[in-house]
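# What the coordinates show
Here's the letter readout for the chains.
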Amino acid sequence: MDISEIIDPLNPAQREAVTAESGNRLVLAGAGSGKTRVLVHRVAWLIRVEQAPPWAILAVTFTNKAAREMKARIEEILATPIGGMWVGTFHGLANRFLRAHWQEAGLPHSFQILDADDQYRLIRRTLKALELDEARWPPRRAMGFVNQCKDEGLRPRHLDDEGDPYRKRMIAIYREYQSACERGGLVDFGELLLRAHEVLREQAAVRHQYQERFAHILVDEFQDTNAIQYAWLRLLSGDHDNLFLVGDDDQSIYGWRGARVENIQSFQKDYANTTVVRLEQNYRSTGNILTVANALIAHNPSRLGKRLWTNDGAGEPVRQFAAFNELDEARFVIERIRQHIQVDGYRRDECAILYRTTAQSRLFEEVLIQAEIPYRVYGGLRFFERAEIRDALAYLRLVANPDDDAAFERAVNTPPRGLGPRTLDLLRDQARAAGTSLWRAARDQLEREALAPRAAKALRAFVALIEQQRARSDRPLAALAADLLVATDLPGFYLKGKDDRGQDRVENLEQLVDTVARFEAETSEDEGDAGDRLASFLAHAALEAGEAQADPDADGVQLMTLHSAKGLEFPIVFLVGLEERLFPHSLSLDDPRRLEEERRLCYVGMTRAMHQLYLTHAEKRHLHGKETYPQPSRFLREMPTEPVESVRGSRAQSRPTPQRHGQEADDGLRLGQRVCHPTFGEGVVLDCEGRGASARVQVNFADAGTKWLVLAYAKLAPAAQ
Ligand SMILES: Nc1ncnc2c1ncn2[C@@H]1O[C@H](COP(=O)(O)OP(=O)(O)OP(=O)(O)O)[C@@H](O)[C@H]1O
Ligand SMILES: [Mg+2]
């Protein structure tokens, strides 16, 4: 048996983890130390050497993309397909489980997954049904409450209002929302996990079946599991001591969404016989990048403690750039990317721009478009989230399950059918009173001829459209999707629309038909039983909505939030917007625990870089519609000065007259002179450039940090010496 492919690419510590005998293992190790590699090779080892059948292995990844990559990599090592192995995200796996056990779970055969947007709408409808004012009971807060309860495994019946009227109301909203979900056969993301957990907990036969089946359970990014996910793992594993978990407490960045880094400690307590494996050699980043990242994360007090080292050289210094505004920042970044591509020979997709908030991508996109450099954005508006795609999906969902109220609401007047708000309100009232879906209420109203003739005609046409499509459910899915586009005339509606993206939207709709066809071709062998391919496509759409772009192969500069960069690596990384209130985010400033999480997020961002890391911030930025003068991020101050080098980049590009550096400014200010600014207080002149109206000075203010100011507006006065 040839095992060299499995163990040769590993160092001794990794090898030990990969070839370990059965028993619980926790691989606790820093960024880039090969945790994901160990997991992949472990699966290959189990199949090749321990002769574990693929179907006896369950592997959990953090994204669907990571799951696909893991599967591909294992198949490459083993040179054989591994169909039958369960590999996916917790949500994807819970979905798979519930599709197989819908009866035990008390769900309809073709239950529909609600994504975050649908969930939000349903919460709003719930508030309306309860006659609660959104201003007093913000739907986002209610949604957060529901999701948090589900992540902790709590149903309304488990909750006690503790005499608190606010909490009491939230529980009432949760209860009402949940019954609306039950009526429509709808399952939100939290419900997938909770429901799967309940089935395993309460139905011994099912539990035993899976405990027997999964001889090996492996989890990547364990530090970001929440309470219900951990409980789920415990049930699946039973007392088989077959958990192989890898994680890094310094990279726990989803606490705000219920992830519990404490699960790492709980695991060691709950399973006393766990062997902990540590990996300390980093294979990803240069010495300089590691030095700076290690120094930053050392500012977090509560760590399990580990240090990373590398055999590679120190490499380039980490480079820091202070832009004078966000446009200057974007131009600097794009200019550097151009150099790395043209001079150093990097590919575009080897350069990544990472930011804290999605809104930051827009300016980078504009500058990239101007520079004619292709790019791709992760985590922007993804294919399955676009309005036109959601409209088309709403029809598909009604075909799968007409009781899906969220889909009904979306489809019934898109394109407009002349159904007025009064008719719709009437349907909602009827549905609520009778405890049924909007679809049933609509049919009932039509049967009883209770509607005004115009409304009745419009509604009848809508019901007939859906029923006709339902009657022919044996077509291939792509044919169904194409027929629906014709029957609804969504393309015509968008072409006639006022917004100038009509053509774009029509192309997206056409792409949906292709996507459906591809899905069907790819899954026909895998999910054979799915008498319900449509339901499984819709689940796929809902689960994928969180990630992947339409064209995964495009070679473009990569733009993404720090959160979605988790687990990835790029030769060149730009970590941008390192400013107080942006990063760390203003919402985290008052809470030490959230501040630590922001620091971990910064650490995650830095440790994505292999060869070169840039850290940038702007001295002036439009934020929430206001012009602000942010302080550089505290994270910059927490980094050592040594392998960090300040660069003066392409300022020339955004500055009219770059000549005359470092001399005397037009109105006689000297380098090194102390000056006073009405807002920023006292500082020292560091640099001057330009003449006349465009003359600028760089001042290091004692309280406000270093800034470039236009002399004509700056109202600088010489400070008393
Ligand atoms: N023993 C090794 N020899 C050479 N390269 C390695 C070795 N182990 C890991 N690598 C490489 O180092 C990089 C980081 O590995 P990997 O992504 O598995 O780390 P990780 O610990 O999962 O990182 P993260 O914490 O960011 O998820 C990858 O490019 C991987 O191929
Ligand atoms: Mg990893």
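Residues numbered from 1 in each chain as written. Chains lettered and ligands numbered in written order. Predicted model: local features only at pLDDT ≥ 70, side-chain atom pairs only at ≥ 80, totals over all residues. Heavy atoms only, no water.

Per an unreviewed UniProt entry, the recorded name for the protein is DNA 3'-5' helicase, and the organism is Thioalkalicoccus limnaeus.

Pairing is parallel across the open sheet formed by 7 strands, whose spatial order is β11-β12-β10-β13-β14-β9-β17. In this open sheet, the two edge strands, each paired with only one partner strand, are β11 (375-377) and β17 (644-646). Strand-to-strand twist in this sheet, taken as the mean axis angle between neighbours without regard to direction, amounts to 20°. Here strand β13 (residues 570-575) runs beside strand β14 (residues 609-618); their pairing, made up of 5 bridges, is parallel. (Pairing = 2+ DSSP bridges. Helix = DSSP H or I, 4+ residues; strand = E, 2+ residues; numbered from the N terminus. Axes fitted to C-alpha atoms, helices over the stretch in contact; angles between N-to-C directions.)

Formed by 63 residues in total, the largest nonpolar core has its most connected members in F97 and F222. Tallying contributions element by element places helix α8 (residues 165-184) first for this core, with 7 residues. With sequence-adjacent residues up to four places away left out, F97 is seen in contact with W86, A196, V199, L200, V206 and Y210. If you look at the next biggest cluster of nonpolar residues, it comprises 50 residues, including A431, L451, L477 and Y494. (Core = buried A, V, L, I, M, F, W, Y, C linked by side-chain atoms within 4.5 Å. Buried < 20%, exposed > 50% of the residue type's maximum accessible area, 1.4 Å probe, protein only. Contact = heavy atoms within 4.5 Å.)

Let us look at the side chain of H617. Structurally, H617 is set in strand β14. Residues within four places of H617 in sequence aside, it is in contact with Q320, F321, A322, A323, E329, L578, E579, P632 and L636.

Moving on, we come to the pairing of strand β20 (residues 696-701). Burial analysis of β20 places 5 of its 6 residues in the buried class, which makes it a mostly covered element. Sheet topology places strand β19 (residues 681-689) next to β20; 6 bridges connect them, and they run antiparallel. Paired with V684 across the strands is N700, a residue of β20. In this sheet, strand β21 (residues 705-710) lies alongside β20 in antiparallel orientation, the contact comprising 6 bridges. Its bridge partner lying in β21, Q698 is registered against W708. What sits between the antiparallel neighbours β20 and β21 is a turn of 3 residues.

Another aspect to go through is the site of ligand 1. Within the structure, ligand 1 sits among 19 residues, and Q14, K35, Q251, E569 and R608 are positioned closest to it. In this structure, an oxygen atom belonging to ligand 1 sits 2.9 Å away from a side-chain N or O atom of R37. Measuring from a nitrogen atom of ligand 1, one finds a side-chain N or O atom of Y283 at 3.5 Å. Here ligand 1, which alone exposes 640 Å², has 83% of that area covered by the protein. Take the shell around ligand 1: its biggest share by element is 3 residues, from helix α3 (residues 35-48). (Near = heavy atom within 4 Å. Polar contact = N/O pair within 3.5 Å; in protein donor to acceptor, adjacent residues only side chain to side chain. Areas by Shrake-Rupley, 256 points an atom, 1.4 Å probe, with all protein chains shown as cover.)

Our next topic: unusual backbone geometry. Omega for the bond connecting T414 with P415 falls within 30 degrees of zero, at -5°, which places this linkage in the cis form. With respect to the helices and strands, the residue P415 is situated in the loop between α17 (405-412) and α18 (421-434). Cis geometry is found at the peptide bond from F583 to P584, where omega equals 5°. For P584, the position within the fold is in the loop between β13 and α25 (592-606). Phi is positive for A79, close to 55°, though the residue is something other than glycine. Among the structural elements, A79 can be located in the loop between α4 (64-78) and β3 (86-88). With a phi angle near 55°, D489 is a residue other than glycine that sits in the positive phi range.

This brings us to the environment of I289. Structurally, I289 can be placed in helix α13 (residues 287-297). Relative accessible area serves as the criterion here: at 1%, I289 is assigned to the buried category. The sequence separation of I289 and A695 amounts to 406 residues, and the corresponding C-alpha distance is 36 Å.

Turning next to helix α5 (residues 90-100). Judged by how many residues are buried, α5 sits mostly within the fold: 8 of 11 residues are covered. Turning to α5, its buried residues are F90, G92, L93, A94, N95, F97, L98 and R99.

Inspection of the entire model under this criterion finds 48 salt bridges. A salt bridge links R201 to E202; the shortest N-O distance between them is 2.6 Å. By relative accessible area, R201 is classed as partly exposed at 37%. A residue is classified by how much of its surface remains accessible, and E202, at 53% relative accessible area, is exposed. Through salt bridges that share partners, K150, R155, E182, D188, E191, R195 and E198 make up one connected network. (Salt bridge = Lys/Arg side-chain N within 4 Å of Asp/Glu carboxyl O.)

What follows deals with the packing of α13 against α25. The geometry of α13 relative to α25 is characterised by a closest axis approach of 9 Å and an angle of 170° between their N-to-C directions. In terms of orientation, α13 lies roughly antiparallel with respect to α25. Residues I289, V292, A293, L296 and I297 of α13 form the contact with α25, whose own contacting residues are R599, R600, C602, Y603 and M606. (Parallel < 35°, antiparallel > 145°, perpendicular 65-115°, else oblique.)

Ordered by their spatial adjacency, 5 strands build an open sheet running β21-β20-β19-β18-β22, and the pairing between neighbours is antiparallel. Two strands in the sheet have a free side with no partner beyond their single neighbour: β21 and β22 (717-718). Summarising the sheet, strand β18 (residues 674-677) and β19 pair through 4 bridges and their orientation is antiparallel. What sits directly across from V675, in β19, is G683.

Moving on, we get to the packing of α17 against helix α19 (residues 438-447). Running from N to C, α17 and α19 cross one another at 60°; their axes reach a closest spacing of 8 Å. Considering their axes alone, α17 and α19 lie oblique with respect to each other. Contacts between α17 and α19 involve D405, F408 and E409 from the first element and L438, W439 and A442 from the second. Split by residue class, the contact of α17 with α19 holds 4 nonpolar, no polar and 2 charged. (Nonpolar A, V, L, I, M, F, W, Y, C, P; charged D, E, K, R; others polar.)

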